[in-house]
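# Summary of structural features
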Amino acid sequence: MLPPVETNEEWDAVVLDETVMRPGAEDLCARLGLAGEPLTRFPEGSQPVYAVGDEHVLKLFPGAAARDGVTEGRVLSHLQGRLPMETPRVREAGAYENGWRYVLMSRLRGENLAHAWDRVPQADRERLVAEIGEALAVLHSLDPGPLADVLGPGDWGAFVDRRRDETVEQQRGHGLSAEWLEQIPEFLASTPLPRDPHRSLLHTEVMRQHFLVDPDGWRLTGLFDFEPAMIGDRAYDFVGVGVFVTRGEPGLLARLTGAYGRTFEPDRLLAYTLLHVYSNLPWYLRELGTPEKRTLSSLAEEWFATA
């Protein structure tokens, strides 16, 4: 019911077209014993994701992202019951047709933290970020060995080298000005990063958008979206923390890292911000603002300092 998707053009023509996607999702639900359950497509996310009734979520992965489907299913199964908050429970996972894969999972309860944030009182914000820090500490303490066959990058030092070679052009493609671009090579060269760090299981996109919260008491109820998971330096997970959770508020970052159990040098975190697979520095600058002194070291302090 779903056509092959292997190119960007096919992705735009198929994945974004609900008249194509919905019949396929309905057909797959029928095969999974969920025929007739109402389907509601979530508006956010890179992959097509549907609420199936009140109890299930169906996430679909076209052939171009089939590996992500394997990753999502394996990581969620590995994490089941191990974090201080709920993660989706895998009900079924596998191949569909024409290269597509799927993960059928339990539906978590709660409101998206990004949507709720403006209503959260300051004291509860501080407690929520502490809960996130505690959850990250547990995540990073888990043995990632059973996932090494599906999670990269394998050689962390080689990954860092590759990203160093790519990052200037990536940021240029996003529209970063020459004022910032010309600082990147020297900043990265002067910021030491481990080549063989302690191997931690990384979410890689720790952001408010991937947490759920109960507005009645403001407690975290879930963490989701593990398709971009990796194994590597745990500091890499604090890119999302600083940019998308604490968003340059040193008091919140201090609470989070205090609960986590350690801090990281701001320059190290900004280096990983530049090297992150999905890094988009112009977007971050628009969201978080620019320091008075327009240098990368000043930016590191602005976004990732804890005092």
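Only a predicted model underlies this, so the values are computations on that prediction, with no experimental measurement involved. (Residues numbered from 1 in each chain as written. Predicted model: local features only at pLDDT ≥ 70, side-chain atom pairs only at ≥ 80, totals over all residues. Heavy atoms only, no water.)

Let's shift gears to the sheet that holds strand E2 (residues 49-52). Here five strands make up an open sheet; going across it, the order is E1-E2-E3-E5-E4 and the pairing antiparallel. Single-partner strands in this sheet number two, and they are strand E1 (39-41) and strand E4 (90-95). Across the sheet, the axes of successive neighbouring strands diverge by a mean angle of 20°, strand direction being ignored. Sheet strands touched by helix H2 (residues 18-31): E1, E2, strand E3 (56-61) and strand E5 (101-106). Its angle to E1, the strand with the most contacts, is close to 140°. (Pairing = 2+ DSSP bridges. Helix = DSSP H or I, 4+ residues; strand = E, 2+ residues; numbered from the N terminus. Axes fitted to C-alpha atoms, helices over the stretch in contact; angles between N-to-C directions. Contact = heavy atoms within 4.5 Å.)

Taken as a whole and judged by the stated rule, the model has eleven aromatic pairs. Geometrically, the ring pair formed by Phe159 and Tyr236 is edge-to-face, given 6.0 Å between the ring centres and 70° between the ring planes. One end of the pair, Phe159, is in helix H6 (residues 156-173); the other, Tyr236, is in the loop between strand E10 (230-232) and helix H9 (238-245), and 77 residues separate them in sequence. Both residues of the pair, Phe159 and Tyr236, belong to the buried class. Where Phe244 meets Trp283, the ring centres are 5.4 Å apart and the plane angle is 55°; that geometry is what we call tilted. Of this pair, Phe244 sits in helix H9 while Trp283 sits in helix H12 (residues 281-288), placing them 39 residues apart in sequence. Residue classification places Trp283 among the partly exposed positions, given a relative accessible area of 35%. Ring-pair connections join several aromatic residues into one group, and the members of that group are Trp156, Phe159, Tyr236 and Tyr272. Over the aromatic face of Trp117 sits the side chain of Arg208, whose NZ or CZ is 3.9 Å from the ring centroid. (Phe/Tyr/Trp six-rings, centres within 6.5 Å; stacked < 30°, edge-to-face > 60°. Buried < 20%, exposed > 50% of the residue type's maximum accessible area, 1.4 Å probe, protein only. Lys NZ or Arg CZ within 6 Å of the ring centre and 35° of its normal.)

Our next topic: the packing of H9 against helix H11 (residues 266-275). Remark: H9 packs on H11, axes separated minimally by 9 Å, with the N-to-C direction vectors making an angle of 90°. As far as their axial angle goes, H11 and H9 are roughly perpendicular. Of the residues in H11, those in contact with Phe238, Val239 and Val243 of H9 are Leu269, Tyr272 and Thr273. Residue classes in the contact of H9 with H11 are distributed as five nonpolar, one polar and no charged. (Parallel < 35°, antiparallel > 145°, perpendicular 65-115°, else oblique. Nonpolar A, V, L, I, M, F, W, Y, C, P; charged D, E, K, R; others polar.)

Let's shift gears to a negative patch on the surface. A cluster of acidic residues, Glu6, Glu9, Glu10 and Asp12, forms a negative patch on the protein surface. Residue classification places Glu10 among the partly exposed positions, given a relative accessible area of 32%. (Patch = residues over 30% accessible without salt bridge, like charges linked within 9 Å, V, L, I, M, F, W, Y side chains within 5 Å. Areas by Shrake-Rupley, 256 points an atom, 1.4 Å probe, with all protein chains shown as cover. Salt bridge = Lys/Arg side-chain N within 4 Å of Asp/Glu carboxyl O. Lys, Arg positive; Asp, Glu negative; His and termini not counted. Charge placed at Lys NZ, Arg CZ, Asp CG, Glu CD.)

All right, on to the layout of surface pockets then. Approximately 1500 Å³ is the volume attributed to the largest pocket. Among the secondary structure elements, those contributing two or more residues to the lining of the largest pocket are E3, helix H3 (66-79), E5, H6, H9 and H12. When residues of the lining of the largest pocket are assigned to their parent elements, the largest contribution, four residues, is made by H3. Residues of the lining of the largest pocket, tallied by class, amount to 24 nonpolar, 14 polar and ten charged. (1 Å grid on protein atoms, 1.4 Å probe; cavity = no way out; pocket = protein on both sides within 12 Å on 5 of 7 lines; lining within 4 Å. Points joined across faces, edges and corners; volume = space filled by probe spheres on them.)

A few words on empty space enclosed by the protein. Left-over empty space is what a probe sized like a water molecule reveals as it rolls over the atoms. This structure, assessed with the given rule, holds one cavity of 30 Å³ or more. Counted as a void, the largest cavity has a volume near 50 Å³. Along the walls of the largest cavity sit Leu83, Ile132, Ala135, Leu136, Leu139, His203, Val206, Phe211 and Leu223, which together make up its complete lining. Of all the elements, helix H5 (residues 122-141) adds the most residues to the lining of the largest cavity, at four residues. For the lining of the largest cavity, a count of residues per class yields eight nonpolar, one polar and no charged.

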